[in-house]
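Structure at a glance
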Amino acid sequence: MTAREALELAKKNKALMVDLKFVDFPGVWQHFSIPIEELSEGVFKEGLGFDGSSIRGWQAINNSDMLVMPDANTAVMDPFMKVPTLSLICNITDPITGESYSRDPRYIAQKAEKYLKSTKIGDTAYIGPEAEFFIFDTARFDQNSHSGYYFIDSDEGIWNSGQEGANRAYKPRHKEGYFPVSPTDAQDDIRTEMVLEMQKMGIPVERQHHEVATAGQAEIDIRFDSLVTMGDKLMTFKYIVKNVAKRHNKTATFMPKPLFGDNGSGMHTHQSIWKDGKPLFAGKEYAGVSQMCLYYIGGILKHAGALAALTNPTTNSYKRLTPGFEAPVNLAYSSRNRSASIRIPMYSPSPKAKRIEVRFPDPSCNPYLAFAAMLMAGLDGIENKIDPGPAVEKDLYDMEPRELARIKTMPGSLDEALDNLQADHAFLTKGGVFTKDALDTWIGYKREKEVDAMRLRPHPYEFFLYFDI
């Protein structure tokens, strides 16, 4: 869509406002709005100013002027505003140099796509994320110098099945929420409403269903798309999920592990590379994949420890990625075997369907950074012909300890993942995709604002364990 076509879309829908959205460093949409009269074709070329020092991980206050540059191709009507509003996703530029901002996650993803083309390996990286999430009735939490708590409630939670005077008998038990019909699945209508809003905003949906955990764990699968476009779509996906939940006086979270004793939320990410409209991951090697695909897998497995700092970027991520439970912590690949961290889906014999599914990411990630990083790791595998080793067909959860010890695992904490990224990041800086400044800022931000912040605070369970010591 051109700038003129975006303006015509606004006129056709009688838009009164324009919402300008951009993603901050950790991966949350920020925005400001302008009256429709303020949007002209010139704005798409010249941008609009804002204070970059107020955005997490960005500019210092003495160098804070930044510009949002609307992308006309993202123009769509926002279904959650009271007045007709045109929504535009923006890139960030420096007003002095006119250059794209090195810490703008969307720009990093755009550079990753450009780097793929420069290698001549392929011209398109297709990404298909399966972002799981929870829909709760209430979520309350706080922490200060003398108290700390969280309280989650869900009418669908198994813990509510015994309440007196309420007909709450049909509840998904822990780890038994996968595919039950209503009344056990009490949120089908809410998920369907989310699907319909996604379709309105140009996101094709393949299916929706209840996930494994109790208390409203959900999954909505959207059709694969190219890397940057999928980053845009996943940000829109989260926006829709949260706002539809709010319509129903509920709240949705993409936090990987909000419940103790039940499954966490992952984001299995399907990936493939194409060139000139042809798939490059189909072939005659293991499970019907190409040698290129195996090398791509080798790159992902080799750099998984560093990738974790971007694909599983929260301290809470490692409550899900825990050895001994049903989490894809073992760095192995297989066909059909969901206990491996990389799976080769076998649903269809079509070459166009041949892809890999990286299972360790979770939906707390910044999608632009996570998708770009995985592509760069896979390309490093192709460029350096990294052998992924033999596939693992056994159930990794039931392997003997001696046998399992030979298989590497994902980091056990965000701190460890950041150490890995600090030691292994050359594959990310190829072609200037991730700059040293962006990586240093990410590592520093995560250590100061999250790792150290968690380390300094007493945990409620520590009182249970140690108060009487």
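Data block above holds the structure.
Residues numbered from 1 in each chain as written. Predicted model: local features only at pLDDT ≥ 70, side-chain atom pairs only at ≥ 80, totals over all residues. Heavy atoms only, no water.

Considering the overall build of the chain
When helices and strands are counted, the chain shows 14 helices and 18 strands. Relative to the compact-globule value of 23 Å for 469 residues, the chain shows a C-alpha radius of gyration of 23 Å, a close match. Oriented by its inertia axes, the alpha-carbon framework of the chain measures out at about 65 × 60 × 50 Å. By the burial criterion, 53% of the 469 residues in the chain qualify as buried. Within the chain, contacts between residues separated by at least 24 positions form 69% of all contacts whose residues are at least 6 apart in sequence. Of the charged side chains in the chain, 55 are positive and 62 negative, and the gap between their average positions amounts to 4 Å. (Helix = DSSP H or I, 4+ residues; strand = E, 2+ residues; numbered from the N terminus. Rg over C-alpha atoms; globule rule 2.2 N^0.38 Å. Buried < 20%, exposed > 50% of the residue type's maximum accessible area, 1.4 Å probe, protein only. Contact = heavy atoms within 4.5 Å. Lys, Arg positive; Asp, Glu negative; His and termini not counted. Charge placed at Lys NZ, Arg CZ, Asp CG, Glu CD.)

With respect to the nonpolar core
Core analysis: the biggest nonpolar cluster contains 120 residues, and Met194, Met198, Phe237 and Phe434 have the highest contact counts within it. Here this core gets 12 residues from one element, more than from any other, and that element is helix 9 (residues 367–383). Other than its neighbours up to four places away in sequence, Phe434 contacts Ile108, Leu310, Leu369, Ala372, Ala373, Leu428, Thr429 and Leu439. (Core = buried A, V, L, I, M, F, W, Y, C linked by side-chain atoms within 4.5 Å.)

Points about helix 11 (residues 414–423)
Every buried residue of helix 11 is listed here: Leu414, Ala417, Leu418 and Leu421. The buried residues of helix 11 all sit within an arc of 100° when viewed along its axis, so they share a single face. Buried residues belonging to helix 11 abut helix 7 (304–311), helix 8 (317–320), helix 12 (426–429) and helix 13 (436–456). (Arc of directions from axis to C-beta.)

As for the packing of helix 6 (residues 291–302) against helix 9
Two numbers describe how helix 6 lies on helix 9: the axes approach to 6 Å, and their chain directions differ by 120°. One finds that helix 6 runs oblique with respect to helix 9. The handedness of the crossing between helix 6 and helix 9 is right-handed. Residue-level inspection shows Met292, Tyr295, Tyr296, Gly299 and Ile300 of helix 6 in contact with helix 9, the latter providing Met374, Leu375, Ala377, Gly378, Leu379, Gly381 and Ile382. (Axes fitted to C-alpha atoms, helices over the stretch in contact; angles between N-to-C directions. Parallel < 35°, antiparallel > 145°, perpendicular 65-115°, else oblique. Left-handed = near helix turned anticlockwise from the far one by under 90°.)

A look at a nonpolar patch on the surface
On the surface, Tyr461, Phe464, Leu465, Tyr466 and Ile469 cluster together to form a nonpolar patch covering roughly 640 Å² of accessible area. With respect to the helices, strands and loops of the structure, Tyr461 is situated in helix 14 (residues 460–466). (Patch = residues over 30% accessible without salt bridge, like charges linked within 9 Å, V, L, I, M, F, W, Y side chains within 5 Å. Areas by Shrake-Rupley, 256 points an atom, 1.4 Å probe, with all protein chains shown as cover. Salt bridge = Lys/Arg side-chain N within 4 Å of Asp/Glu carboxyl O.)

Some points on the pattern of salt bridges
Under the criterion given, the structure shown has 26 salt bridges. The partner of Asp71 in a salt bridge is Arg106, and the shortest N-O contact between them spans 2.8 Å. Of the two residues, Asp71 is situated in the loop between strand 4 (65–70) and strand 5 (76–77) and Arg106 in helix 3 (residues 105–119); the sequence distance between them amounts to 35 residues. Residue class for Asp71 comes out partly exposed when judged on its relative accessible area of 23%. Judged by its relative accessible area of 3%, Arg106 falls in the buried class.

Quick look at the environment of Lys394
Within the element layout of this structure, Lys394 appears in the loop between helix 9 and helix 10 (401–404). Residue classification places Lys394 among the partly exposed residues on the basis of a relative accessible area of 48%. Lys394 has contacts with Asn337, Ser339, Met399 and Glu403, leaving out every residue within four places of it along the chain.

Description of the pairing of strand 1 (residues 17–23)
Counting buried positions along strand 1 yields 6 of 7 residues, so the element is predominantly enclosed. Judged from the 7 bridges that link them, strand 1 and strand 2 (residues 29–35) form a sheet pairing that is antiparallel. By the bridge assignment, Phe22 is partnered in strand 2 with Gln30. Where strand 1 folds back on strand 2, the antiparallel hairpin that results is connected by 5 residues, among which Gly27 adopts a positive phi of roughly 120°. (Pairing = 2+ DSSP bridges.)

Points about the packing of helix 3 against helix 9
At a minimum axis distance of 8 Å, the contact between helix 3 and helix 9 shows a crossing angle of 20°. By the angle between their axes, helix 3 is roughly parallel relative to helix 9. In this structure, the crossing between helix 3 and helix 9 has a hand that is left-handed. Of the residues in helix 9, those in contact with Pro105, Arg106, Ile108, Ala109, Ala112, Tyr115, Leu116 and Thr119 of helix 3 are Tyr368, Leu369, Ala372, Leu375, Met376, Leu379 and Glu383. Partitioning the contact of helix 3 with helix 9 into residue classes produces 12 nonpolar, 1 polar and 2 charged. (Nonpolar A, V, L, I, M, F, W, Y, C, P; charged D, E, K, R; others polar.)

Considerations on the environment of Leu116
Checked against the element boundaries, Leu116 lands in helix 3. For Leu116, a relative accessible area of 1% corresponds to the buried category. In sequence terms Leu116 and Gly381 are 265 residues apart; their C-alpha atoms lie 13 Å from each other. The contact partners of Leu116, leaving out residues within four places of it in the chain, are Ile121, Gly122, Asp123, Thr124, Ala125, Ile273, Leu375 and Leu379.

A few points about the environment of Phe281
Looking at the secondary structure, you find Phe281 in the loop between strand 15 (278–279) and helix 6. Considering only alpha carbons, one finds Phe281 and Lys354, 73 residues apart in sequence, at a separation of 6.0 Å. Phe281 has contacts with Gln271, Ser272, Ile273, Gly288, Val289, Ser290, Met292, Cys293, Tyr296, Lys354, Arg355 and Ile356, leaving out every residue within four places of it along the chain.

Looking at unusual backbone geometry
Residue Pro183 is bonded to the preceding Ser182 through a cis peptide linkage, with omega at 10°. Of note, Pro183 is situated in the loop between strand 9 (148–153) and helix 4 (188–200). Positive phi, normally seen in glycine, also occurs at Lys14, with a value near 55°. Mapped onto the elements, Lys14 comes out in the loop between helix 1 (3–12) and strand 1. In this structure, Lys175 is a non-glycine residue whose phi angle is positive, near 65°. With respect to the secondary-structure elements, Lys175 resides in the loop between strand 9 and helix 4.

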